[in-house]
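Summary of structural features
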Amino acid sequence: MRPVIPYVTAALLFGLGVYGVLRRRNAVLVLMAVELMLNAVNLVLVTADTTVRAALPHSGQVFALFVIVLAAAEIGVGLAIVLQLYRLRASVTVDDVPLTERQAAVPDEVAS
């Protein structure tokens, strides 16, 4: 059996996820794009497990299970961050998120 269709589908899903991460400005849509990429990896792992003879049986399915657990944890933490960001800024656009902490102005007396 030649597993061309699952590999091509996984490549398309991964490409769509990369496009979503790079082009979207909404943080929730970026998280959804990351989930697409993780699902593409799961599809590759399960397809490779069924087609390639490995030394460990069902190793691709076990790794896919780990990726699912990782995705669930990522969504939990990511949505908590997005909700906190929405509470603070009333917007979830990624462009508005400050990546550095603002420095407080230091008086001249203390600086010297």
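1. Points about helix H3 (residues 59-89)
Between its first and last C-alpha atoms H3 spans 44 Å; for 31 residues at 1.5 Å apiece the expected length is 45 Å, and the two agree. Along H3, the residues classified as buried are Gly-60, Ala-64, Val-67, Ala-71, Gly-78, Val-82 and Leu-85. Residues of H3 that are buried sit in contact with helix H2 (27-51). Once H3 ends, the next one or two residues include Ala-90, with phi positive near 60°.

2. A short note on the packing of helix H1 (residues 4-23) against H2
The N-to-C vectors of H1 and H2 enclose an angle of 160°; their axes lie 8 Å apart at closest approach. The orientation of H1 relative to H2 falls into the category roughly antiparallel. As H1 packs across H2, the resulting crossing turns out to be left-handed. Every residue of H2 that contacts H1 at Pro-6, Tyr-7, Thr-9, Ala-10, Leu-13, Phe-14, Leu-16, Gly-17, Val-18, Gly-20 and Val-21 is listed here: Val-30, Ala-33, Val-34, Leu-36, Met-37, Ala-40, Val-41, Leu-43, Val-44, Thr-47, Ala-48 and Thr-51.

3. Quick look at the side chain of Asp-49
Inspection of the secondary structure puts Asp-49 in helix H2. A polar side-chain atom of Asp-49 sits 3.4 Å from a polar atom in the side chain of Gln-61. Asp-49 has contacts with His-58, Ser-59, Gly-60 and Gln-61, leaving out every residue within four places of it along the chain.

4. A word on the packing of H2 against H3
Between H2 and H3, whose axes approach to 8 Å, the crossing angle comes to 175°. With respect to their mutual orientation, H2 and H3 come out roughly antiparallel.

5. Examining the side chain of Asn-42
When you line up the elements, Asn-42 lands in helix H2. Under the relative-accessibility criterion, Asn-42 is labelled buried at 11%. The contacts of Asn-42, once residues within four sequence positions are left out, are Ala-64, Val-67 and Ile-68.

6. Examining the layout of surface pockets
Its volume calculated, the largest pocket comes out at about 150 Å³. Ala-27, Val-30, Leu-31, Gly-78, Ile-81, Val-82, Leu-85, Thr-93, Val-94 and Val-97 together form the lining of the largest pocket. No other element matches H3, which puts four residues into the lining of the largest pocket.

7. What about H1?
Taking 1.5 Å per residue, 20 residues should reach 28 Å; H1 reaches 28 Å between its end C-alpha atoms and fits that length. Contacts made by the buried residues of H1 are with H2.

What counts and what doesn't
Residues numbered from 1 in each chain as written. Predicted model: local features only at pLDDT ≥ 70, side-chain atom pairs only at ≥ 80, totals over all residues. Heavy atoms only, no water. Helix = DSSP H or I, 4+ residues; strand = E, 2+ residues; numbered from the N terminus. Expected span 1.5 Å × (residues − 1). Buried < 20%, exposed > 50% of the residue type's maximum accessible area, 1.4 Å probe, protein only. Contact = heavy atoms within 4.5 Å. Axes fitted to C-alpha atoms, helices over the stretch in contact; angles between N-to-C directions. Parallel < 35°, antiparallel > 145°, perpendicular 65-115°, else oblique. Left-handed = near helix turned anticlockwise from the far one by under 90°. Polar contact = N/O pair within 3.5 Å; in protein donor to acceptor, adjacent residues only side chain to side chain. 1 Å grid on protein atoms, 1.4 Å probe; cavity = no way out; pocket = protein on both sides within 12 Å on 5 of 7 lines; lining within 4 Å. Points joined across faces, edges and corners; volume = space filled by probe spheres on them.

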